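Single-letter residue listing:
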Amino acid sequence: QVQLVESGGGLVQPGGSLRLSCAASGTHFSVVTMGWYRQAPGKQRELVAAILSGGRTNYADSVKGRFTISRDNAKKMTYLQMNSLNSEDSAVYYCNLKYGSTWFRRPDGADWGQGTQVIVSS
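About the criteria used
- Residues numbered from 1 in each chain as written.
- Predicted model: local features only at pLDDT ≥ 70, side-chain atom pairs only at ≥ 80, totals over all residues.
- Heavy atoms only, no water.
- Salt bridge = Lys/Arg side-chain N within 4 Å of Asp/Glu carboxyl O.
- Helix = DSSP H or I, 4+ residues; strand = E, 2+ residues; numbered from the N terminus.
- Buried < 20%, exposed > 50% of the residue type's maximum accessible area, 1.4 Å probe, protein only.
- Contact = heavy atoms within 4.5 Å.
- Pairing = 2+ DSSP bridges.
- Axes fitted to C-alpha atoms, helices over the stretch in contact; angles between N-to-C directions.
- Phe/Tyr/Trp six-rings, centres within 6.5 Å; stacked < 30°, edge-to-face > 60°.
- Lys NZ or Arg CZ within 6 Å of the ring centre and 35° of its normal.

1. Quick look at the pattern of salt bridges
Between side chains of opposite charge, a pair can form when the charged atoms approach closely.
Right, so step 1: Tallying each qualifying case throughout the model produces six salt bridges.
Right, so step 2: Close ionic contact of Glu6 with Arg105 constitutes a salt bridge, the shortest N to O distance being 2.6 Å. Of this pair, Glu6 sits in strand β1 (residues 3–7) while Arg105 sits in the loop between β10 (102–103) and β11 (116–120), and the two are 99 residues apart along the sequence.
Right, so step 3: With its nearest N and O atoms 2.8 Å apart, the salt bridge here joins Arg38 to Glu46.
Right, so step 4: By relative accessible area, which is 6% here, Arg38 ends up buried.
Right, so step 5: Residue Glu46 is classed as partly exposed on the basis of its relative accessible area, which comes to 32%.
Right, so step 6: Through salt bridges with shared partners, one network takes in Arg38, Glu46, Arg66 and Asp89.

Below, the structure is given as structure tokens:
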């Protein structure tokens, strides 16, 4: 039974930083891909970063150079370090897990739960 719990969101000033965390359980964590998605009001949910089981990372162009995804297999945690934040980064952030070719939270699913909200504002 897979469970994902996000934390670390909050209010931050433009140019500031936040570190999001995602705790995973119920899976062979070391062999899965982990990803971070975000969804802003009126916009589609988008994949912003992913880290494969071997450590290779991928980023959306909008966050490349500012965000860093990482993982700690011993703790079954994945993190998203967000630097140089701007108002366009304001969104609800969700983590996701992919085993093989299948995401645990379906990319076209209507409801991914609560996530963790990031608000970038002065």
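2. Some thoughts on the environment of Val2
Right, so step 1: Following the sequence through the fold, Val2 ends up in the segment before β1.
Right, so step 2: Separated by 24 residues in the primary sequence, Val2 and Gly26 place their C-alpha atoms 4.4 Å from one another.
Right, so step 3: If sequence neighbours within four positions are ignored, Val2 has contacts with Ser25, Gly26, Thr27, Leu97 and Phe104.

3. Description of the sheet that holds strand β3 (residues 18–25)
Right, so step 1: Spatial strand order, β1-β3-β8-β7: four strands in an open sheet with antiparallel pairing. Two strands bound the open sheet, and with one partner strand each, they are β1 and β7 (67–72). Each adjacent strand pair in this sheet contributes to an overall mean axis angle of 15°, direction not counted.
Right, so step 2: Direction of pairing for β7 relative to strand β8 (residues 77–82): antiparallel, over a ladder of six bridges. What sits directly across from Ile69, in β8, is Leu80.

4. Observations regarding unusual backbone geometry
Trans is the prevailing form of peptide bonds, just as negative phi is the prevailing case for residues other than glycine.
Right, so step 1: Although it is not a glycine, Lys76 adopts a positive phi angle of roughly 55°.
Right, so step 2: Among the secondary structure elements, Lys76 is positioned in the loop between β7 and β8.
Right, so step 3: At Ser84, a residue that is not glycine, the phi angle is positive and equals roughly 50°.
Right, so step 4: Locating Ser84 in the fold gives a position in the loop between β8 and β9 (91–99).

5. Brief notes about the packing of aromatic side chains
Right, so step 1: Taken as a whole, this structure holds three aromatic pairs when the rule is applied.
Right, so step 2: With centroids separated by 5.7 Å and ring planes inclined at 85°, the aromatic side chains of Tyr37 and Trp103 adopt a geometry described as edge-to-face. Linking Tyr37 in strand β4 (residues 33–39) with Trp103 in strand β10, this pair joins segments that are 66 residues apart in sequence. Considered together, Tyr37 and Trp103 belong to a single accessibility category, that of buried residues.
Right, so step 3: Taken together, a centroid distance of 5.7 Å and an interplanar angle of 80° make the contact between Tyr94 and Trp112 edge-to-face. A residue pair is termed long-range when its members are at least 10 positions apart, and Tyr94 in strand β9 and Trp112 in the loop between β10 and β11 qualify at 18 residues.
Right, so step 4: What makes Tyr94 buried here is its relative accessible area of 8%.
Right, so step 5: For Trp112, a relative accessible area of 5% corresponds to the buried category.
Right, so step 6: Ring-pair connections join several aromatic residues into one group, and the members of that group are Tyr37, Tyr94, Trp103 and Trp112.
Right, so step 7: Geometry around Trp112 places Arg45 over its ring, the cationic atom sitting 4.0 Å from the centre.

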